[in-house]
Structures are given as structure tokens and as C-alpha cells.
Amino acid sequence: MIGTGFIGLPLALVLAEQGTQVYGVDIDENLVEAINDASLRLNDGEFQSRLESEAVRANLEASTEARGGDAFVISVPTPLKEPSKSPDLSYVEAAVESIIPHLEGGELINIESTIPPLTCVNHIVPLLEDAGFEPGVDVQLAHSPERILPGNVFEEIVANDRVIGGIDEASARRAAKIYEPFLEGEIYFTDLVSAELCKLMENTFRDVNVALANEFALIGEEMDVDMHHVIDIANNHPRVDILKPGIGVGGHCLPVDPWFLNEVDPEHTNLITTARRINDKMPDVTAKKIRRAVAHYDNPKIVALGAAYKPNTDDQRNSPAQKIVESLLLDGYDIVHYDRHIEEMEYDDLQSVLDAEQPDVVVQLVPHDDTVSELNEIQIEFDEREIELLQFGESRTPSLPTT
Ligand SMILES: NC(=O)c1ccc[n+]([C@@H]2O[C@H](COP(=O)([O-])OP(=O)(O)OC[C@H]3O[C@@H](n4cnc5c(N)ncnc54)[C@H](O)[C@@H]3O)[C@@H](O)[C@H]2O)c1
């Protein structure tokens, strides 16, 4: 397993639990040490308990150095270069280069990282050929993009369908052997570029649809209409399924993957890149709304709730909530940021935040289920203490009866 982060580690754990000998390779020494000591400090009990299990202790070993094996699974980062938004393939290339000295012939190389279309054919095949291995003949090559949802990793790794592209059928079928022992979902076999495209299209579909919902919400704001409410009604139509507008799109995948399509065909990605820009603009739009809403205070004390990029996780990657708070801090606002899902953020619960900070305004940026119920439970305090509550990402107008 080359790369034992959010994506590589769960697969390493699931395989090790079943008795497969897994050798996890990561350039992050601290992570390697933490895996070997079962001392990961993740805010996720399931990772920890699986890591401590007897089977994992016996079958999973981590190291910073690659070594030989029957199959290599690559799950290293594939970020964007800024400001060009072109893909940075250096991690994937380095991962392939690190295993080349350990290839003897007959091994499988299976890429799980999300990669731009034609990466396997134009980047990985030449690296292997230059080292004297013809993919499909001397070694097998497959791409099986990971599509699990952070926050629900161990359920989805088993339940989700899996797409496996191969340089030939034998490569794809061999990659399937990695997953078949635990997979409950279907496996769809295809070629390398179709597997690359499939993952990118799934994420682009969501990103474009979120942008549409965000644009509807902006129209509603101009017209002083609560679009959350209108969307609820519109979604009763059998062929309409408008997503929820929000404060922006974060995480590791949606803000990144649509640009991989733009990279290979800029002429036909106008809708896709426009959607990306709409979603990227939403944190600024939200910060502006907050500034307007607190303009009647002299020097308001603000508590912002939620720092994760989406509800019910502690994942802060590309978090719109953080961009909003950073922007308000830069403007000089007195703002405290709290997320009960993120350990290093002070305070045990919302009540303690209110008691200690005595805010004028509370801004709910991320509607974690437990934050919303906490807010409901202490709603009375808001009235008594005259705290103003601004909520984003939640419908505030109850739907009207249908008849
Ligand atoms: N996190 C998600 O939600 C998600 C979902 C689906 C797909 N993906 C894709 O999976 C891939 C991995 O993402 P992630 O979230 O696991 O990233 P991550 O940063 O959590 O983990 C990647 C790991 O790879 C290590 N690494 C980097 N270069 C290496 C090298 N040359 N050799 C060995 N280790 C190396 C890093 O130290 C890191 O620990 C990306 O392509 C991402 O787009 C992520």
C-alpha cells in the first residue's frame, strides 16, 4: 500500500483484518510510527479500534521504504498546482518510481488515487516501460478509483460498487481479487481511461449541481425569497432533485476533480469551470452576508459554529467555513471559531462557549446534526441573552402544508 492516508489506511486495515499481509509505505514518518504503534490520534474511534485489533497488529506493518510484494496499491495525493489549477502528478509518479526497483515481473500495480484522464497511459505506462516492464505483459496495471465518503469510510469501502479499469482484462480481474473478499457492492470492469473519467464525472456531477443550487439561492436573495423553501417544493416534482445551497464546496475531491477534466479538454468544460467558480465564490458571498447582518453592532463579539467542510465530520480540508472565518478575522472582527467535532478547538459544548465568550451573534456555518440539536435545546438562552442567531445551510422557513 503506497500512501496510507485517508484512503490507503482504511483499505490496509480491512485487508489486514482478513489475514492479508499488508505492507504500508508512507513518506510521513510520524504516520508510519503511529500505524506501527497503533497510536493514531484520529477523532474516529473506529480507525483506532481496528488499528488495535489482533489481526491488524499481526498483518500490517508500515515503513517509509517501499519493498517487494505481489500487488501494489497506490493511494497518494493528486492535488492541484496553484494558481494554474493543473494537476500535480508528482506524488503518483514518485510512488511508481519507488516501487520500480522492487518489481520482478508478474506484479499488479493498482492506482486508487484520483487521476486526470489518460494519466495511466501517458504517465504511468512510460515510467514502467522506461524501467523495462511492458504493462499488460510483464506487469499488470489497473485503476480502481476510490469513491468512499469521508466520515463513513468503513461502511462504504465494503458496500459501494467498484469501478476497475485495466490495461487489459487480466489486470482488471486481478485487481478485483484485492476487493472481492470483503466487497458487497458490484464490480464494473472497464478500460483505464473510462475508470479515470468515471470518478471525475461523478464528482463533477455533484459540483455542478451544488453550483446550480447556490445560484438559485443567490437569485432568491436578490428577490428576498427563501430558496430553501422553494427548492423543497420544487423537489416534489418526480424529475427534479435540486441539491441544497450552502456556504461553498470543500473537501479533497469536489473542488479539485473537475479541473482534471478541464486540463484535458478546456474547450468543452465551460459549464464545469463556471460551476467551480460559483462554488469557490460562496465563502466570500457568505462572509459578506455576515458583515451586512452584524453591521448594526459597534464591535460585535461573534461565535462561528462549524469548521469542518461538511456536516457530521471533522474533516477540515478546503473548508469553506474556515475561509469565511479567516476573511472576517482579517477584517478585524472579534470572532471565536468552535466545532465540537474538532478536538483541538476549545470548549466542551455550545453552552460553555456562550458562557465564556458572551457573544452578540452566533453564526452557524456547518449544520452538524448535534450542533443543530444543541442549538435547539438552548434556543431559550438566545432570547434571554439577546444573542442573534444566523444560520447557514439549513432551511429556516418551515414548508407550508401541501393542501
Ligand atoms: N479523502 C477522500 O475523501 C478521497 C476520496 C476518494 C478519493 N480520494 C483520492 O485518493 C488519493 C489519496 O487521498 P487521501 O485523502 O488518502 O490523501 P492523504 O493526504 O490523506 O494521504 C496520502 C498519503 O500519501 C503519502 N504519500 C505522498 N507521497 C508518497 C509517496 N511517494 N510514497 C508513499 N507515500 C506517499 C502522504 O504522506 C499521505 O499520508 C487522492 O488522489 C484523492 O484525490 C480521496
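Residues numbered from 1 in each chain as written. Predicted model: local features only at pLDDT ≥ 70, side-chain atom pairs only at ≥ 80, totals over all residues. Heavy atoms only, no water.

Novice: What's the story with the site of the ligand in this structure? I'm lost.
Specialist: Neighbouring the ligand are 26 residues, the closest being Ile7, Asp26, Thr78, Thr114 and Arg317. At 2.6 Å from an oxygen atom of the ligand is found a side-chain nitrogen or oxygen belonging to Thr78. Between Arg317 and the ligand, the recorded distance is 2.9 Å, taken from a side-chain N or O atom to a nitrogen atom. With the chains in place, 90% of the 830 Å² that the ligand exposes on its own is no longer accessible. Ranked by residues supplied to the shell around the ligand, first place goes to helix α5 (residues 90-99) with three residues. The residue inventory of the shell around the ligand, partitioned by class, reads 14 nonpolar, seven polar and five charged. (Near = heavy atom within 4 Å. Polar contact = N/O pair within 3.5 Å; in protein donor to acceptor, adjacent residues only side chain to side chain. Areas by Shrake-Rupley, 256 points an atom, 1.4 Å probe, with all protein chains shown as cover. Helix = DSSP H or I, 4+ residues; strand = E, 2+ residues; numbered from the N terminus. Nonpolar A, V, L, I, M, F, W, Y, C, P; charged D, E, K, R; others polar.)

Novice: Please explain the sheet that holds strand β8 (residues 301-305) as it appears in this structure.
Specialist: Backbone-to-backbone hydrogen bonds pair the strands of a sheet. The strands run either parallel or antiparallel. The strand order across the open sheet built from four strands is β9-β8-β10-β11, with neighbouring strands paired in parallel fashion. Because the sheet does not close on itself, it has two edges, and the strands there are β9 (334-338) and β11 (388-391). Going across the sheet, the axis of each strand differs from the next one's by a mean of 20°, ignoring polarity. One ladder, built from four bridges, connects strand β10 (residues 361-364) with β11; its direction is parallel. Bridge pairing in β11 links Gln364 to Gln391. With respect to the sheet, helix α13 (residues 320-330) is in contact with β8 and β9, its orientation differing from that of β9 by roughly 160°. (Pairing = 2+ DSSP bridges. Axes fitted to C-alpha atoms, helices over the stretch in contact; angles between N-to-C directions. Contact = heavy atoms within 4.5 Å.)

Novice: Looking at this structure, how should I read unusual backbone geometry?
Specialist: Peptide bonds are, in most cases, trans, and in most cases residues other than glycine have a negative phi. With an omega dihedral of 5°, the bond running from Glu82 to Pro83 counts as a cis peptide bond. Along the polypeptide, Pro83 turns up in the loop between β3 (71-74) and α5. In the Ramachandran plot, Leu118 falls in the positive-phi region, its phi being about 80° despite a non-glycine side chain. Mapped onto the elements, Leu118 comes out in the loop between β4 (108-111) and α6 (119-130). If you check the backbone angles, Asn312 has positive phi at about 65° while not being a glycine. Looking at the secondary structure, you find Asn312 in the loop between β8 and α13.

Novice: Help me understand the nonpolar core, please; the structure alone is not making it clear to me.
Specialist: Looking at soluble globular proteins, one finds that nonpolar side chains tend to be buried together. In this structure, Leu11, Leu13, Leu51, Leu60, Ile164 and Phe182 are the most contacted members of the largest nonpolar core, which totals 37 residues. Only α1 (8-17), α2 (29-37), α3 (45-52), β2 (60-63), α7 (153-159) and α8 (169-179) provide two or more residues apiece to this core. Counting residues per element, this core draws most heavily on α1, which supplies seven residues. Residues contacting Ile164, with those up to four places away along its chain left out, are Ala142, His143, Ser144, Ala172, Ala175, Ala176, Tyr179, Ile187, Tyr188, Phe189 and Thr190. Counting 25 residues, the second-largest nonpolar core is a separate cluster that includes Ala66, Val96, Ile99 and Leu128. (Core = buried A, V, L, I, M, F, W, Y, C linked by side-chain atoms within 4.5 Å. Buried < 20%, exposed > 50% of the residue type's maximum accessible area, 1.4 Å probe, protein only.)

Novice: Can you help me understand the sheet that holds β3 in this one?
Specialist: If you walk across this open sheet you meet the five strands as β3-β4-β5-β6-β7, and the pairing is mixed. Both outer strands of the open sheet, β3 and β7 (187-191), are each paired with one neighbouring strand and no more. When the angles between neighbouring strand axes are averaged without regard to direction, this sheet yields 25°. For strand β5 (residues 140-143) and strand β6 (residues 162-166), the ladder comprises two bridges, and the chain directions are antiparallel. Across the sheet, residue His143 finds its bridge partner in β6, namely Gly165.

Novice: Would you mind showing me how to read the side chain of Arg50 here?
Specialist: Mapped onto the fold, Arg50 is located in helix α3. Of note is the side chain of Arg50, whose polar atom sits 2.8 Å from the side chain of Glu46. Not counting residues within four places of it along the chain, the set of residues in contact with Arg50 comprises Leu13, Val14, Glu17, Val56 and Phe154.

Novice: Is there a simple way to think about helix α9 (residues 192-222) in this case?
Specialist: The periodicity of an α-helix, 3.6 residues per turn, causes residues three or four positions apart to be oriented the same way. Compared with the 45 Å implied by 1.5 Å per residue over 31 residues, the 46 Å span of α9 between its first and last C-alpha is a close match. In this structure Asp191 caps α9, since a side-chain oxygen of it lies 3.3 Å from the backbone nitrogen of Val193. (Expected span 1.5 Å × (residues − 1).)

Novice: What should I look at first to understand the domain arrangement of the chain in this one?
Specialist: Often, the extent of an interface is quoted as the loss of accessible area upon association of its parts. Domain assignment breaks the chain into domain 1 (8-199) and domain 2 (294-391). The straight-line distance from the C-alpha centre of domain 1 to that of domain 2 is 38 Å. Domain 1 puts four residues into the contact, and the matching count from domain 2 is eight residues. Regarding the contact of domain 1 and domain 2, the summed buried area is about 410 Å², with carbon and sulfur atoms giving 39% of it. The tally of links from domain 1 across to domain 2 stands at zero salt bridges. Of the residues in the side of domain 1 that touches domain 2, the class split is two nonpolar, two polar and no charged. (Domains from an automatic or database assignment. Buried area = accessible area lost by both parts, 1.4 Å probe. Salt bridge = Lys/Arg side-chain N within 4 Å of Asp/Glu carboxyl O.)

Novice: Would you mind going over the packing of α9 against helix α12 (residues 270-293) with me for this structure?
Specialist: Working note: a packed helix pair is described by the angle between its axes plus the distance between those axes. Here α9 crosses α12 at 40°, and the two axes come no closer than 8 Å. For the element pair α9 / α12, the angle class is oblique. Crossing angle aside, the handedness with which α9 passes α12 is left-handed. Residue-level inspection shows Thr204, Asp207, Val208, Val210, Ala211, Asn214, Glu215, Leu218 and Glu221 of α9 in contact with α12, the latter providing Leu271, Ile272, Ala275, Arg276, Ile278, Asn279, Met282, Val285, Lys289 and Arg292. Grouping the amino acids of the contact of α9 with α12 by side-chain chemistry returns 10 nonpolar, three polar and six charged. (Parallel < 35°, antiparallel > 145°, perpendicular 65-115°, else oblique. Left-handed = near helix turned anticlockwise from the far one by under 90°.)

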